[in-house]
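So the chains spell out like this:
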Amino acid sequence: MKKVMVQFDFRGMTTKQFDQCWDEIRKAGQTSPKGLLHHHAAPTPNGMLIFDIWESAERFEAFGKTLMPILEKLKIPKTKPSIFPLHYEYNGNLVVH
């Protein structure tokens, strides 16, 4: 499995909708989605920008079966994720001095 970086640019999404989305993900039994290594989200002037690191594209695609119905339920504007093979990963918490 090759790690991937997934980017979503949810134009029009609010922080409230983002929080509701995670509430629904937890209700669906995905408190810790299998294969999700890192998740980052930030509000932008246009919505929410999300970056994830997944163990593989396959793990991300499997999670989509849970995520997509939730996004539709919450009426979050559709966007297509950008998926890139991860070239480099650094975690400052793991650096030994």
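Cut-off values and rules
- Residues numbered from 1 in each chain as written.
- Predicted model: local features only at pLDDT ≥ 70, side-chain atom pairs only at ≥ 80, totals over all residues.
- Heavy atoms only, no water.
- Helix = DSSP H or I, 4+ residues; strand = E, 2+ residues; numbered from the N terminus.
- Salt bridge = Lys/Arg side-chain N within 4 Å of Asp/Glu carboxyl O.
- Buried < 20%, exposed > 50% of the residue type's maximum accessible area, 1.4 Å probe, protein only.

Participant: Explain unusual backbone geometry to me, please; I cannot follow it from the model alone.
Facilitator: Across the chain, the bulk of peptide bonds are trans and the bulk of non-glycine residues have phi less than zero. At K75, a residue that is not glycine, the phi angle is positive and equals roughly 60°. One can find K75 in the loop between α2 (57-73) and β4 (82-85).

Participant: Is there a simple way to think about the pattern of salt bridges in this case?
Facilitator: When charged atoms on two side chains of opposite charge get close, those side chains can pair. Counted according to the given criterion, the structure contains 6 salt bridges. The closest approach of N and O atoms between D23 and R26, which form a salt bridge, is 3.5 Å. Taken as a pair, D23 and R26 lie in helix α1 (residues 15-27) at a separation of 3 residues, close to a single helical turn. Of the residues examined, D23 reaches a relative accessible area of 41% and is grouped as partly exposed. With a shortest N-O distance of 3.3 Å, R59 and E55 are connected by a salt bridge. By relative accessible area, R59 is classed as partly exposed at 24%. E55 gets classed as partly exposed once you look at its relative accessible area, which sits at 28%. Here the salt bridges share partners, and the residues they tie into one network are E24, K27 and K73.

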